[in-house]
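Overview (structure and organization)
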Amino acid sequence: MDIANGTLLLVGLIFALLVTGLPLAFITGLVALAFTFGWFGPNALPLVTSRVYGFVTEYSLVAVPMFVLMASLLDRSGIAKDLFNAMRVFAGRLPGGVAVQTIVVAFFLAALSGIIGGEIVLLGILALPQMLRLGYDKHLSIGVVCAGGALGTMMPPSIVLIIYGLIASESIADLFTAAITPAVILMLSYIGYVLVRCLRNPAMGPPMTDADREEGFASRGQALKAIIVPGLIAVLVLGSIYGGVASVTEAAAMGVFGVLLAVVARGEFSIKTMHESLGQTLITCGMIIWIGIGAAALVGVYNLMGGNRFISSMIMGLDVAPIVIILVMMAILLVLGMFLDWIGVAMLTLPIFVPIIEQLGYSPIWFGILFAVNMQVSFLSPPFGPAAFYLKGVAPPSVSLKDIFVSLLPFIALQLCVLFALLFWPNLAMWLV
């Protein structure tokens, strides 16, 4: 069998097994073992295990459980709730003010944790009921919560960017730096969309009364105090990275320490809280590691088969402009993102795509930002957009999955606009780097 037929068989086998409902980690691992024995024989097994060993011993991977633990502690403390209530004071009587406040709070939370699932659940509990109570348009409220929560894919310390840097062997600090401007652009585009809709039709986002605006905090001074703690944590993490004081892994540990101190100072620390936070961290990291192990094995076997050279020569042999090749890659990522978890998409495609990007003369850092925006689209895209299912778990019974997916369409369009802007104006991402 030649490599072309082998590639078709491998891809077909993966999608056939996905239909069975098996976890992606098991599917990639099984396919990897099947092709190892079938293509090379049992003597090639050590080559696969060495590939897996190289993945699990990567030092940058240590940052992942630290940031997940940081997010888990934030979820169980009152820090995020106080931040939301504080921003309510500053939202004023602007039409759509609570929705704008929710997006800003989501941006702050993304800068604190980089974990999307927990952020959407938190905003679904805090923000969605309040917007619905105030008479906000249901679709606008849902879209704001999910799109705002998905900012964690872009805003440092993004787990997506950490995994990309690990796979592409690129500086995670440079990826974080490049991601800041696109993350701000996404936030501002969401805010602009909300303001335009609510200014044209104030009934979509009625202004708050004084009683609603000051609920929880009697003055702006008290509200400012609630913003100081998360602000200091964000400065501690991101400032130490950009200031050259600490590596990303060390900064993650400092962030956990800062959140832990804040939780203790607020009198919210307990053995139960720590136990639940550590449990959530183990579950999340276990999922990431197992998917990574299966994908690392599969990509290793495929590369041994000559698959990377086959794909590279096929793409590079196309008689088209390089930007068309990038657009094809974006289309592949968008389609895969509709059906696969972002970790699986990253592990399966990046080892093949990144070398091609380098051959075309493009920056892998810039491509990493495109990948992160692409994965943000995948979090919202039907039929398996994780953001919709995270929100459905905490939304009122009157909110259906159909309501959620319909609500996300305008925000998906905004994300695609930012993706195309980054494609044709790379300096939007690269000017800080």
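Not measured: the values here are computed from a predicted model.

In this section: unusual backbone geometry. The backbone phi angle of Ser169 is positive, close to 55°, even though this residue is not glycine. In this structure, Ser169 sits in the loop between helix 9 (159-168) and helix 10 (172-200).

On to the layout of surface pockets. Regions of empty space are outlined by a rolling probe, equal in size to a water molecule, passed over the atoms. One number sums up the size of the second largest pocket: a volume of about 560 Å³. Around the second largest pocket, the lining is made up of 22 residues, and of these Val11, Ile311, Leu348, Thr349 and Ile352 lie nearest the centre. Listing elements by their share of the lining of the second largest pocket, those giving two or more residues are helix 1 (3-19), helix 14 (271-304), helix 15 (307-316), helix 16 (322-337) and helix 17 (342-359). A total of 6 residues in the lining of the second largest pocket trace back to one element, the largest contributor, which is helix 1. Residue composition of the lining of the second largest pocket, grouped by class: 20 nonpolar, 2 polar and no charged.

Taken as a whole, this structure holds 2 salt bridges when the rule is applied. In this structure, the salt-bridge partner of Asp403 is Lys138, at a minimum N-O distance of 3.1 Å. One end of the pair, Asp403, is in helix 20 (residues 401-424); the other, Lys138, is in helix 8 (residues 138-149), and 265 residues separate them in sequence. A relative accessible area of 15% means that Asp403 is categorised as buried. Classification of Lys138 as partly exposed rests on a relative accessible area of 28%.

It is worth spelling out the packing of aromatic side chains at this point. Applying the stated criterion across every chain yields a total of 4 aromatic pairs. Ring pairing ties together the aromatic residues Tyr190, Tyr193 and Phe411, which thus form one cluster.

It is worth spelling out helix 8 at this point. Here helix 8 contains 12 residues, and its C-alpha end-to-end distance of 17 Å stays within 8% of the 16 Å for a straight helix at 1.5 Å per residue. Where burial is concerned, most of helix 8 is hidden: 10 out of the 12 residues are buried. Burial in helix 8 covers these residues: Leu140, Ser141, Ile142, Gly143, Val144, Val145, Cys146, Ala147, Gly148 and Gly149. Regarding helix 8, its N-cap is Asp137, as a side-chain oxygen of that residue lies 3.2 Å from the backbone nitrogen of His139 further along.

Analysis parameters
Along each chain, residues carry numbers from 1 onward, in the same order as the chain's sequence is written. Owing to the predicted nature of the model, reporting of local features is limited to residues with pLDDT of at least 70; listing and counting of side-chain atom pairs is limited to 80 or more, with chain, interface and lining totals taken over all residues. Hydrogens and water molecules were not included; the side-chain quantities draw on all heavy atoms of the structure. Strands here mean DSSP runs of E at least two residues long; helices mean DSSP runs of H or I at least four residues long; both are numbered from the N terminus. Grid points spaced at 1 Å and placed over the protein atoms alone form the basis of the search, with a cavity being a set where a 1.4 Å probe fits but cannot get out and a pocket an open set showing protein on both sides within 12 Å along at least five of seven lines. Lining residues have an atom within 4 Å of a point. Grid points are joined across faces, edges and corners, and a volume is the space filled by probe spheres set on the points. Asp, Glu, Lys and Arg are counted as charged, while Ala, Val, Leu, Ile, Met, Phe, Trp, Tyr, Cys and Pro are counted as nonpolar; the rest, among them Gly, fall into the polar class. Any Lys or Arg side-chain nitrogen located within 4 Å of an Asp or Glu carboxyl oxygen qualifies as a salt bridge. Whether a residue is buried, partly exposed or exposed follows from its accessible area with a 1.4 Å probe, protein chains only, as a fraction of its type maximum: under 20%, in between, or over 50%, in that order. Whether two aromatic rings pair depends on their centres lying within 6.5 Å, for rings of Phe, Tyr and Trp, where Trp uses its six-membered ring; planes under 30 degrees apart make the pair stacked, over 60 edge-to-face, and the rest tilted. Expected span, for any helix, means 1.5 Å times one less than how many residues it has. Pairing of N or O atoms within 3.5 Å defines a polar contact, subject to two protein rules: one partner must be a possible hydrogen donor and the other a possible acceptor, and residues neighboring in sequence count only if both atoms are side-chain atoms.

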